[in-house]
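Topology and contacts: notes
What follows is the residue order along each chain.
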Amino acid sequence: QVQLVESGGGLVQAGGSLRLSCAASGRTFSSYAMGWFRQAPGKEREFVAAINRSGAITYYADSVKGRFTISRDNAKNTVYLQMNSLKPEDTAVYYCAADYSPTISTKASYMDYWGKGTLVTVSS
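Conventions adopted
- Residues numbered from 1 in each chain as written.
- Predicted model: local features only at pLDDT ≥ 70, side-chain atom pairs only at ≥ 80, totals over all residues.
- Heavy atoms only, no water.
- Helix = DSSP H or I, 4+ residues; strand = E, 2+ residues; numbered from the N terminus.
- Buried < 20%, exposed > 50% of the residue type's maximum accessible area, 1.4 Å probe, protein only.
- Contact = heavy atoms within 4.5 Å.
- Polar contact = N/O pair within 3.5 Å; in protein donor to acceptor, adjacent residues only side chain to side chain.
- Pairing = 2+ DSSP bridges.
- Axes fitted to C-alpha atoms, helices over the stretch in contact; angles between N-to-C directions.

Observations concerning the environment of Lys43
For Lys43, the location among the structural elements is in the loop between β4 (33-39) and β5 (46-51). The sequence separation of Lys43 and Ser7 amounts to 36 residues, and the corresponding C-alpha distance is 22 Å.

With respect to the environment of Gln1
Inspection of the secondary structure puts Gln1 in the segment before β1 (4-7). Overall, the relative accessible area of 70% leaves Gln1 in the exposed class. Between the C-alpha atoms of Gln1 and Phe29, which are 28 residues apart in sequence, the distance is 9.7 Å. With residues near it in sequence (within four places) discarded, Gln1 still touches Ser25, Gly26 and Tyr113. A polar atom in the side chain of Gln1 sits 3.5 Å from the side chain of Tyr113.

So, the sheet that holds strand β3 (residues 18-24)
Taken in spatial order, the four strands make up an open sheet running β1-β3-β8-β7, and their pairing is antiparallel. Strands at the two margins of the open sheet, each flanked by one partner only, are β1 and β7 (68-73). On average, each strand axis in the sheet is inclined to that of its neighbour by 15 degrees, with strand direction left out of account.

Structure (structure tokens):
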């Protein structure tokens, strides 16, 4: 079992940056591929970024590629999402998720555990 807690959300102006953190509990954190998803008001939850067990492989949605960076520190049981050049359309609740898999998952339905989310608001 894995419990996930996101933090780092807040209000920023367009063009600004935020760094989200996801703290995980459990003794097998390194066995999980991790991902970030987001959900804006009135829209479905969408994939943002994913990282494999070791952190050697990452994958991004086209909408954030070049602006966001996902990373992990298995020694700290923590996953990060560095968000730069933020746009108003990035406004959403951002969720951390874990998948017990040796590969990367980009589908929300494949994830085994979810955090409760952290709100990111980007003003124009």
